[in-house]
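Residue-level listing of the chains:
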2 protein chains.
Amino acid sequence: MHMSTIYDVAELAGVSPATVSRVFNGTSVSDEKVAAVRDAAKRLNFTPNRAARTLRTQSSEVIALVIPDIENPYFTEMARGVEDVASKAGYSVVLCNSDAQLDKESTYLQIAIAEHMSGVIIATASEGSNLDPIIATGRPVVAVDRHTAYDVDGVVMANRAAGTSATKDLIRAGYRRIAYIGGPAHIDTAAERAAGWQDAITADGREIDDELLRFSTFRVDGGRAAMEELLALPEPPDAVVAGNNLIGVGAIQVLTEHGLTPPAVGVAVIGSLPFTTLSPSAVTVVRLPARHMGVTAANMLLERIRGDEQPARTVVLRNELQSASILR
Amino acid sequence: MHMSTIYDVAELAGVSPATVSRVFNGTSVSDEKVAAVRDAAKRLNFTPNRAARTLRTQSSEVIALVIPDIENPYFTEMARGVEDVASKAGYSVVLCNSDAQLDKESTYLQIAIAEHMSGVIIATASEGSNLDPIIATGRPVVAVDRHTAYDVDGVVMANRAAGTSATKDLIRAGYRRIAYIGGPAHIDTAAERAAGWQDAITADGREIDDELLRFSTFRVDGGRAAMEELLALPEPPDAVVAGNNLIGVGAIQVLTEHGLTPPAVGVAVIGSLPFTTLSPSAVTVVRLPARHMGVTAANMLLERIRGDEQPARTVVLRNELQSASILR
DNA sequence: ATGAAAGCGCTAACAT
DNA sequence: ATGTTAGCGCTTTCAT
């Protein structure tokens, strides 16, 4: 019940508290004393008090990972990448779900400051995200997935290219009236992927029909609603590009319910379809390397934590087209 | 860059540090001083140092949520429930992914102790999970989803009943040779759901064919492998009960690849199919109220944190059959 | 290599 | 209502 301290350990081992501290921090202590201390620590079931350590050193081996939707497998896959790198380096990861809400995001950032966490990896909730407080503390910040207005490191996908290759694959497969459903227009990934879609349409010598461009939410319900609207059009599309994995799920659900299971209507999804039970030949997927993004971001953050001072960098990750037509 | 302290705020506001502390902790301070302190705090961009607070009070408003698979939507849905309750009560949630590994789990539990977190909600990695250290500290622990050998509060699903109703629904739909694919046998939820399957089979007056009972992993690849084995049997099953959501996904994938898309072979899944694009009429689902489990566990934990001393309780949550046959 | 002692920022008696 | 002060457990100079 009572938590033992380095003083208890010191007394039992017959050394000073300083020596106990040294044993646990790897500075020079004679072999006998090391053994005595370890033994005493074990017998007392000693666990170093992190709060005291953090208070004293003004830092803790914890990094915060702030994401807008913990239920989206894209972000949990990314989280795995972050965690693997961080824990190998002796850091713990605190996963914070901002729920795409600015106030929750601010709260978590505030906690990161107050807890003296070593750094933050964040997929911002929106353009309005305020990183000033955390940046003002001098702590390193890495922005993932989404762009920010701040001068911090970043790791993003090749979003415009993803939009283009998804759309081109649909064109190649013979579809002619291709819609796009993206996330909120104020999130840059959504806008960029839509721009990629436009590129492909115009490159094919067609006009952009504004009715076919829909900004929604990055969730299943958003994909569903937009797909329903598209099907209700006087001249519905014969194919659709989904701006992220969950929108893809929603769109396919609606199509299936209307008896238009792909490839009856063409579907290309930007991001892997989570837990899909669909045949891979039916839907085009542009794979986004989410885990790799997490790994890259964690490595960048660790470099900064270790004192790297070079100007902010942004890494753009290549995506990978998995064409449905290959298998047709 | 420099972090201001209550001393800085006190000086600027012309009060003592204790008064500053009182302002931030809601004890009686005159209105003028409150205003002065708040103003000074704002001007200095003051954020209370949590490490110091934790050290002093020997507690922090943080609870740990330890789960075995952060990529399983079942657990993230649960996490949402925990988070909603906790954050409303002023607690932050630290999400820890044990990856079903005992050593990782122990490490996180150790961190929870060292960081003086207020309590732990844990879905254990296996029967071998060691909760002694955390329990020895006197901190409240709530076990979710899975049983433990410890005398702690728990929230679990009605697993055996889930196995039975899933199986019975398949029987009702006319299937006669019904297999079961579960998670690892050493995890009680897997074993119990399997027992429910057995109950239903025997209640129907049939023999248990051991070849039709498979213990695998609670992941997609586990479901896939087991389903492949079942299909390779001399006398393959005409239906299958999947022991969790991901096994269900894996099984359906394999069936689809073999041209046996449900209901060609009957499928019942214990747990909601995440992000499914399947028609709801094709597959029986036993919905497990994951979010509700999280909410319940968080409320129990908060009660304990507030000093509730009653004997340990276990809450069993009802599940909900969504029969495929209804829609046939 | 080891010990003594100061201090990180906060809260909670205790005193006024 | 407000101020003074001790101390939470640790790390880290500074001596020795």
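What counts and what doesn't
Residues numbered from 1 in each chain as written. Chains lettered and ligands numbered in written order. Predicted model: local features only at pLDDT ≥ 70, side-chain atom pairs only at ≥ 80, totals over all residues. Heavy atoms only, no water. Pairing = 2+ DSSP bridges. Helix = DSSP H or I, 4+ residues; strand = E, 2+ residues; numbered from the N terminus. Axes fitted to C-alpha atoms, helices over the stretch in contact; angles between N-to-C directions. Contact = heavy atoms within 4.5 Å. Least-squares fit on C-alpha atoms with pLDDT ≥ 70 in both. Buried < 20%, exposed > 50% of the residue type's maximum accessible area, 1.4 Å probe, protein only. Arc of directions from axis to C-beta. Near = heavy atom within 4 Å. Polar contact = N/O pair within 3.5 Å; in protein donor to acceptor, adjacent residues only side chain to side chain. Parallel < 35°, antiparallel > 145°, perpendicular 65-115°, else oblique. Left-handed = near helix turned anticlockwise from the far one by under 90°. Nonpolar A, V, L, I, M, F, W, Y, C, P; charged D, E, K, R; others polar. Phe/Tyr/Trp six-rings, centres within 6.5 Å; stacked < 30°, edge-to-face > 60°. Lys NZ or Arg CZ within 6 Å of the ring centre and 35° of its normal.

- An unreviewed UniProt entry lists chain A under the name LacI family transcriptional regulator, with Microbacterium aerolatum given as the organism.

### So, the sheet that holds strand 12 (residues 320–322) of chain A
Residues and elements named next belong to chain A.
Phase 1 of the analysis: Spatially, 7-6-8-9-10-12 is the arrangement adopted by the 6 strands of the open sheet, whose pairing is mixed. Edge positions in the sheet fall to strand 7 (213–215) and strand 12, since each of these pairs with one other strand and no more. Strand after strand, the sheet turns through a mean of 15° between neighbouring axes, direction not considered.
Phase 2 of the analysis: Against the sheet, helix 11 (residues 245–257) engages strand 6 (178–182), strand 8 (239–242) and strand 9 (266–270), with an angle of about 160° to strand 9.

### A closer look at the relation of the copies chain A and chain B
Phase 1 of the analysis: Between chain A and chain B, which share one sequence, the superposing operator has a rotation angle of 180° and an axial displacement of 0.0 Å; the RMSD is 0.1 Å. Taken together, the rotation and translation relating the two chain copies correspond to the operation of a two-fold axis. When C-alpha distances to the rotation axis are compared across chain A, the minimum falls at A:Ala51, with a value of 2.4 Å.
Phase 2 of the analysis: A high fraction, 100%, of the interface residues of chain A reappear at the interface in chain B, so the copies pair face to face through one surface.

### So, helix 1 (residues 6–13) of chain A
Residues and elements named next belong to chain A.
Phase 1 of the analysis: Every buried residue belonging to helix 1 is among Val9, Ala10 and Ala13, and all of these are buried. The buried residues of helix 1 occupy an angular sector of 100° when the element is viewed end-on, so they sit on one face. Facing away from the buried surface of helix 1 by more than 90 degrees, the exposed residues are Tyr7 and Glu11.
Phase 2 of the analysis: The inward-facing, buried residues of helix 1 contact helix 2 (17–25) and helix 3 (31–44).

### Focus: the protein's contact with DNA strand D
Phase 1 of the analysis: Taken together, 26 residues sit near DNA strand D, with A:Ile6, A:Arg56, B:Thr19, B:Arg22 and B:Ser30 positioned nearest.
Phase 2 of the analysis: Backbone sugar and phosphate groups make up 59% of those atoms of DNA strand D lying within 4 Å of the protein.
Phase 3 of the analysis: Here a phosphate oxygen of DNA strand D sits 3.0 Å away from a polar atom, N or O, in the side chain of B:Ser28.
Phase 4 of the analysis: Only helix 1, helix 2 and helix 4 (50–57) of chain A together with helix 2 (17–25) and helix 4 (50–57) of chain B provide two or more residues apiece to the surface near DNA strand D.

### Focus: the packing of helix 5 (residues 73–88) of chain A against helix 12 (residues 290–305) of chain A
All names here are of chain A.
Phase 1 of the analysis: Running from N to C, helix 5 and helix 12 point in directions that differ by 40°, and their axes come no closer than 7 Å. Our classification of the angle between helix 5 and helix 12 gives oblique. For the pair helix 5 and helix 12, the crossing hand works out as right-handed. Every residue of helix 12 that contacts helix 5 at Tyr74, Glu77, Met78, Gly81, Val82, Asp84 and Val85 is listed here: Ala290, Arg291, Met293, Gly294, Val295, Ala298, Asn299 and Leu302.
Phase 2 of the analysis: Tallied by class, residues from the contact of helix 5 with helix 12 come to 9 nonpolar, 3 polar and 3 charged.

### Remarks on the packing of aromatic side chains
Phase 1 of the analysis: Under the definition given, this model contains 6 aromatic pairs over all chains.
Phase 2 of the analysis: Here A:Tyr74 and A:Phe75 contribute two aromatic rings whose centre-to-centre distance is 5.1 Å and whose plane-to-plane angle is 70°, an arrangement assigned as edge-to-face. Taken as a pair, A:Tyr74 and A:Phe75 share a single burial class, namely buried.
Phase 3 of the analysis: Aromatic side chains B:Tyr180 and B:Trp197 sit 6.0 Å apart centroid to centroid with 35° between the ring planes, which places their arrangement in the tilted category. Placement of the pair is B:Tyr180 in strand 6 (residues 178–182) and B:Trp197 in helix 9 (residues 188–203), with a sequence separation of 17 residues.
Phase 4 of the analysis: Residue class for B:Tyr180 comes out buried when judged on its relative accessible area of 0%.
Phase 5 of the analysis: Positioned over the ring face of B:Phe24 is B:Arg38, at 5.8 Å from the centre of the ring.

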